[in-house]
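What follows is each chain in one-letter form.
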Amino acid sequence: MKMRFLILVAAAAAAAVLLLQVSAAGAVRTEPLLGGWHPIKNLSDPYVREIAEFAVKTRNDQAKTGLVLEKVVKGETQVVAGMNYRLVLEVKDGADTKSFEALVWDKPWEHSRRLSSFKAVQGKA
């Protein structure tokens, strides 16, 4: 009798775990997937603008250029040990308007930020 009860409890526990796994598999993820790129919904967010300004200023310092940020055209984020921002920027280079893709790694809780890449893109995004 005691053995039947233990088997019944074990079977019920296994069924409950299976039900939770099936239920969780069908759940919609609302948090960012670690390592995946996700579009930035609000490109006019002041923090996104700050990241973009940092990218242009750092590029100007490194390459001795005088680029001026006009606007953020497109942006994505990636959760890493911090946050990567991949931004397409429209900048003024003298009288010309150019587009660049900037990759900035940001770790605000350590006050650390780095421009990983800054490259020209063809046409306007």
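First, a word on scope: everything that follows refers to the structure included in this document. (Residues numbered from 1 in each chain as written. Predicted model: local features only at pLDDT ≥ 70, side-chain atom pairs only at ≥ 80, totals over all residues. Heavy atoms only, no water.)

## Here we look at the packing of aromatic side chains
Condition: Ring geometry is summarised as follows: Phe, Tyr and Trp rings, the Trp one being its six-membered ring, pair when their centres sit within 6.5 Å, and such pairs are stacked at plane angles under 30 degrees, edge-to-face over 60 and tilted between the two. Segments assigned H or I by DSSP are reported as helices when at least four residues long, segments assigned E as strands when at least two residues long, and all are numbered from the N terminus. Only protein chains enter the accessibility calculation, which uses a 1.4 Å probe. A residue is then buried if its area is under 20% of the maximum for its type, exposed if over 50%, and partly exposed in between. In our convention, an over-ring charge means Lys NZ or Arg CZ found within 6 Å of a ring centre and within 35 degrees of that ring's normal.
Using the criterion set out here, one finds 2 aromatic pairs in the structure. Centre to centre, the rings of tyrosine 47 and tyrosine 85 are 6.3 Å apart; their planes meet at 55°, and the pair counts as tilted. Taken together, the residues span a long stretch of sequence, with tyrosine 47 in helix 2 (residues 46–63) and tyrosine 85 in strand 3 (residues 82–93) at a distance of 38 residues. By relative accessible area, which is 9% here, tyrosine 85 ends up buried. Aromatic pair phenylalanine 100 and phenylalanine 118: ring centres 4.8 Å apart, planes at 25°, arrangement stacked. Taken as a pair, phenylalanine 100 in strand 4 (residues 96–107) and phenylalanine 118 in strand 5 (residues 112–120) lie far apart in primary sequence, 18 residues in all. Here the two residues phenylalanine 100 and phenylalanine 118 agree in accessibility, since each one is buried. One cation-aromatic arrangement involves arginine 86 over tryptophan 37; the distance from NZ or CZ to the ring centre is 3.9 Å. One residue, arginine 113, lies across the ring of phenylalanine 54, its end atom 5.6 Å from the ring centre.

## Comments concerning the pairing of strand 3
Keep this limit in mind: Note on pairing: DSSP must find at least two bridges between two strands before they are called paired.
Sheet topology note: the strand 2 (residues 68–80)/strand 3 ladder contains 11 bridges and is antiparallel. Note on strand 3: the bridge partner recorded for valine 79 is methionine 83. Joining the antiparallel neighbours strand 2 and strand 3 is a turn of 1 residue. Where strand 3 and strand 4 come together, 11 bridges link them in antiparallel fashion. Following the sheet pairing, aspartate 93 is matched in strand 4 by aspartate 96. Where strand 3 folds back onto strand 4 in an antiparallel hairpin, the turn is made up of 2 residues, including glycine 94, whose phi is positive at roughly 70°.

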